[in-house]
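# Results of the structural survey
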Amino acid sequence: MERARRLANRAILKRLVNESKQSHKQARNDSSLLNSSSPVSYTPSRYVSSLSSFGSRSPRSGLLPGTKNIVSHNVPAGYYGIGSQIRSISVESLKPSDTFPRRHNSATPEEQTKMAELCGFDTLDSLIDATVPKSIRLDSMKFSKFDGGLTESQMIEHMKYLASKNKVFKSFIGMGYYNTHVPPVILRNIMENPAWYTQYTPYQAEISQGRLESLLNYQTMITDLTGLPMSNASLLDEGTAAAEAMAMCNNIQKGKKKTFIIANNCHPQTIDICDTRAGGFDLKVVTADLKDIDYKSGDVCGVLVQYPGTEGEVLDYGEFVKNAHAHGVKVVMASDLLALTMLKPPGELGADIVVGSAQRFGVPMGYGGPHAAFLATSQEYKRMMPGRIIGVSVDSSGKPALRMAMQTREQHIRRDKATSNICTAQVRDYCLYCSFLIYILRTACIE
């Protein structure tokens, strides 16, 4: 509707300009005819606008006899006419029509007044005065730094201006973020599908068997690559997944051991997030070189290592894991899924918990995230896993069906102990599904 209105306004203005050109041309022709000595009869202009009803009519004065249709150059400001037709052009009609209130506010001021009257009030302000207590209201709402706001087209231009300030640098492999290439079939059917990229997908995944199936596929991919039997389907990024694994180590030790060691070959952002989260669990985080890690204090609940390291080195953690287990320490391994398609799975190395990001499987970097993260572990610790776990069950008719097997520490279940695993739709389901599809394509290519 707005587009049709804009096109109509543009057509009206274009017609006015054409009429002006025609009338000036006719006026010059008529003047030459009047001044000519040849006996040529004068024919008044027959160009009459059909839009005369938009304006008012008033007689012209000061015109020569027989030239009543010639445009006078003494037309008052704000008026345009041909002959005796004078039409008003309001300033409002020339203003941009793509303003925010006009395009996005559903109720007009008149409709708001009608609604207020139905509630027994003269105006919307009087309704608010009777509803909102004065004790929580401000005396005035003056914003000296804000003007009337930008129109939609002005805002687009402003955003383009801001985007032009972004500096694009060459991306080097490392620290958990990588450039990706998404196959066009997935780009078109997943990333460009409104069903996936809406601002927030339904939190209860069990409302859709299709969504549950995509999450189960994602979990299967994680267990296949990590070599561990259990995986969740609901974490934000690698750093927060490592922090959740640290909390799991604390719970496994029942809070009796309060030191968590992080190898210095881990990504720096992962170290920072774990260090910040540790304060809430009263844990002490120690960063050390792999060769300097020891468990003599007897107060270590877990250790975090990177596989491959943040600088790309690939180490064999077999003996390291055995040594940690000999001292009763749980091993958390942050890994790269794409590297695990070629490297020995962490589960076969003996790792207790494996965390990481699925960003490498086609999720754009997005200036740092968020990205689909995973956490895999053994059956022994499944009750301590954060987020959601999808499982295969049987429905009332005896047919196979998918269900939410577990959703631990979520807001609507244990509000006092929730750790907010809610994240954007990019991570929630759509990235998980996208990652799985790209994994299938890569596996097919390798085979």
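Residues numbered from 1 in each chain as written. Predicted model: local features only at pLDDT ≥ 70, side-chain atom pairs only at ≥ 80, totals over all residues. Heavy atoms only, no water.

### Quick word on the overall build of the protein chain
Applied cut-off: By definition, any uninterrupted DSSP run of H or I lasting at least four residues is a helix, any uninterrupted run of E lasting at least two residues is a strand, and each is numbered from the N terminus. Categorising residues by exposure relies on relative accessible area from a 1.4 Å probe, with only protein chains included: less than 20% of the type maximum marks a residue as buried, more than 50% marks it as exposed, and the intermediate range marks it as partly exposed. It only takes one pair of heavy atoms within 4.5 Å for two residues to be counted as in contact. Using the Shrake-Rupley algorithm and a 1.4 Å probe, accessible areas are obtained, with residue cover drawn only from the displayed protein chains.
Helix and strand counts for the protein chain stand at 15 helices and eleven strands. When each of the 447 residues of the protein chain is scored for burial, the buried share is 38%. For the protein chain, contacts bridging at least 24 residues in sequence account for 70% of all contacts bridging at least 6. Just so you have it, the protein chain exposes about 26,700 Å², and 55% of that area is on carbon and sulfur atoms.

### Brief notes about a nonpolar patch on the surface
Where we set the bar: Grouping into patches uses exposed residues only, defined as over 30% relative accessible area, and leaves out salt-bridged ones; the cut-off is 9 Å for like charges and 5 Å for nonpolar side chains (Val, Leu, Ile, Met, Phe, Trp, Tyr). Basic side-chain nitrogens of Lys or Arg form a salt bridge, by our definition, when they fall within 4 Å of a carboxyl oxygen of Asp or Glu.
Side chains of Leu-13, Ile-89 and Leu-94 sit close together on the surface and give an oily, nonpolar patch of about 250 Å² of accessible area. Positionally, Leu-13 belongs in helix H1 (residues 2-35).

### Re the pairing of strand S7 (residues 330-336)
The cut-off we apply is this: Between any two strands, pairing holds if DSSP finds at least two bridges. Note on handedness: a clockwise path from strand one over the helix to strand two, with the strands aimed away from the viewer, defines a right-handed crossover.
S7 sits mainly inside the fold: seven of its seven residues count as buried. Residues Lys-330, Val-332, Ala-334 and Asp-336 of S7 are buried on one face, and the alternating residues Val-331, Met-333 and Ser-335, pointing to the opposite face, are buried as well. Pairing between strand S6 (residues 300-307) and S7: six bridges, direction parallel. By the bridge assignment, Tyr-307 is partnered in S7 with Ser-335. You can see the chain leave S6, run along helix H12 (residues 318-326) and come back into S7, and the turn it takes is right-handed. Direction of pairing for S7 relative to strand S8 (residues 353-357): parallel, over a ladder of five bridges. Bridging from a neighbouring strand, Ser-335 pairs with Gly-356 of S8.

### Concerning the packing of helix H10 (residues 238-252) against helix H11 (residues 268-278)
Note the threshold: Axis geometry follows a simple rule: fit a line to the C-alpha atoms, using only the stretch in contact for helices, then measure angles between N-to-C directions, giving values from 0 to 180 degrees. An angle below 35 degrees is treated as roughly parallel, one above 145 as roughly antiparallel, one from 65 to 115 as roughly perpendicular, and anything else as oblique. Here is the rule for handedness: rotate from the far helix to the near one, and if that takes an anticlockwise turn smaller than a right angle the crossing is left-handed, while a clockwise turn gives right-handed.
For the pair H10 and H11, the least separation of the axes is 8 Å and the interaxial angle reads 45°. Considered as vectors, H10 and H11 are oriented oblique to each other. Crossing angle aside, the handedness with which H10 passes H11 is right-handed. Across from Glu-238, Gly-239, Thr-240, Ala-242, Ala-243, Glu-244 and Met-246 in H10, the residues of H11 making contact are Thr-270, Ile-273, Cys-274, Arg-277 and Ala-278.

### Structural notes on the pattern of salt bridges
Counting across every chain of the model gives five salt bridges. The shortest N-O distance in the salt bridge between Glu-244 and Arg-277 comes to 3.8 Å. With Glu-244 in helix H10 and Arg-277 in helix H11, this residue pair connects regions lying 33 residues apart in the sequence. Two residues, Lys-291 and Asp-289, come together in a salt bridge whose shortest N-O distance is 3.2 Å. For Asp-289, a relative accessible area of 25% puts it in the partly exposed group.

### Concerning the packing of aromatic side chains
Given two aromatic rings, their pairing is described by the distance between the two centres and the angle made by the two planes. We count it as follows: Pairing of aromatic side chains requires ring centres within 6.5 Å, counting the rings of Phe and Tyr and the six-membered ring of Trp. Pairs whose planes differ by under 30 degrees are stacked, by over 60 edge-to-face, and all others tilted. Two conditions define a charge located above a ring, namely a distance within 6 Å from the ring centre to NZ of Lys or CZ of Arg, and an angle within 35 degrees of the ring normal.
Summed over all chains, the structure comprises two aromatic pairs. Between the aromatic rings of Tyr-307 and Tyr-317, the centroid separation amounts to 5.9 Å while the plane-to-plane angle is 80°, which identifies the pairing as edge-to-face. A residue pair is termed long-range when its members are at least 10 positions apart, and Tyr-307 in strand S6 and Tyr-317 in the loop between S6 and H12 qualify at ten residues. Each member of the pair, Tyr-307 together with Tyr-317, is buried. On the basis of an interplanar angle of 75° and a centroid distance of 6.0 Å, the ring pair of Tyr-317 and Phe-320 is categorised as edge-to-face. Residue class for Tyr-317 comes out buried when judged on its relative accessible area of 2%. Phe-320 sits in the buried class, given a relative accessible area of 15%. Directly above the ring of Tyr-178 sits Arg-360, whose terminal nitrogen or CZ lies 3.8 Å from the centroid.

### Description of the nonpolar core
Under the convention used in this document: Take the buried residues of types Ala, Val, Leu, Ile, Met, Phe, Trp, Tyr and Cys, join any two whose side-chain atoms come within 4.5 Å, and each joined set is a nonpolar core.
Among the nonpolar cores identified, the biggest contains 69 residues, and Ile-293, Tyr-295, Val-303, Leu-304, Tyr-317, Leu-337 and Val-355 are the most heavily contacted of them. The element that contributes the greatest number of residues to this core is H10, accounting for eight residues. Excluding its chain neighbours within four sequence positions, the residues that come into contact with Tyr-317 are Asn-265, Leu-290, Val-305, Gln-306, Tyr-307, Met-333 and Leu-349.

### What about the confidence of the model for the protein chain?
What counts here: Per-residue confidence from the predictor is given as pLDDT, running between 0 and 100.
For the protein chain, the average pLDDT comes to 77, and 70% of its residues sit at 70 or higher. Confidence, read as mean pLDDT per element, is least for strand S1 (residues 79-82) in the protein chain (49) and greatest for strand S4 (residues 259-263) (97). Every residue in residues 37-73 scores below 50 in pLDDT, and together they form 58 contacts with partners more than four places removed in sequence or on other chains.

### Regarding the sheet that holds strand S3 (residues 230-231)
Sheet architecture is open: seven strands sit in the order S3-S9-S8-S7-S6-S4-S5, paired in mixed fashion. Strand pairing shows two members of the sheet lacking a second neighbour, S3 and strand S5 (284-288), which therefore form its edges. Note: S3 against strand S9 (residues 373-377), two bridges, orientation antiparallel. Bridged to Met-230 within S9 is Thr-377. Contacting S4, S5 and S6, H11 runs over the sheet at an angle of about 155° to S5.

### Examining H11
As a reminder of what qualifies: By construction, the arc corresponds to the directions joining the helix axis to the C-beta atoms.
For H11, the set of buried residues is Thr-270, Ile-271, Cys-274 and Ala-278. Burial along H11 is one-sided: seen end-on, the buried residues are contained in an arc of 100°. Exposed and facing more than 90 degrees away from the buried side of H11 are Asp-272 and Thr-276. Buried positions along H11 lie against H10, S4, S5 and S6.

### Details of the environment of Ile-390
Relative to the assigned elements, Ile-390 resides in strand S10 (residues 387-394). Owing to a relative accessible area of 4%, Ile-390 belongs among the buried residues under this scheme. Along the backbone, Ile-390 and Ala-233 are 157 residues apart, and their C-alpha atoms lie at a distance of 7.6 Å. Ignoring sequence-local partners within four residues, the contact set of Ile-390 consists of Leu-212, Leu-215, Leu-216, Gln-219, Arg-403, Met-404 and Ala-405.

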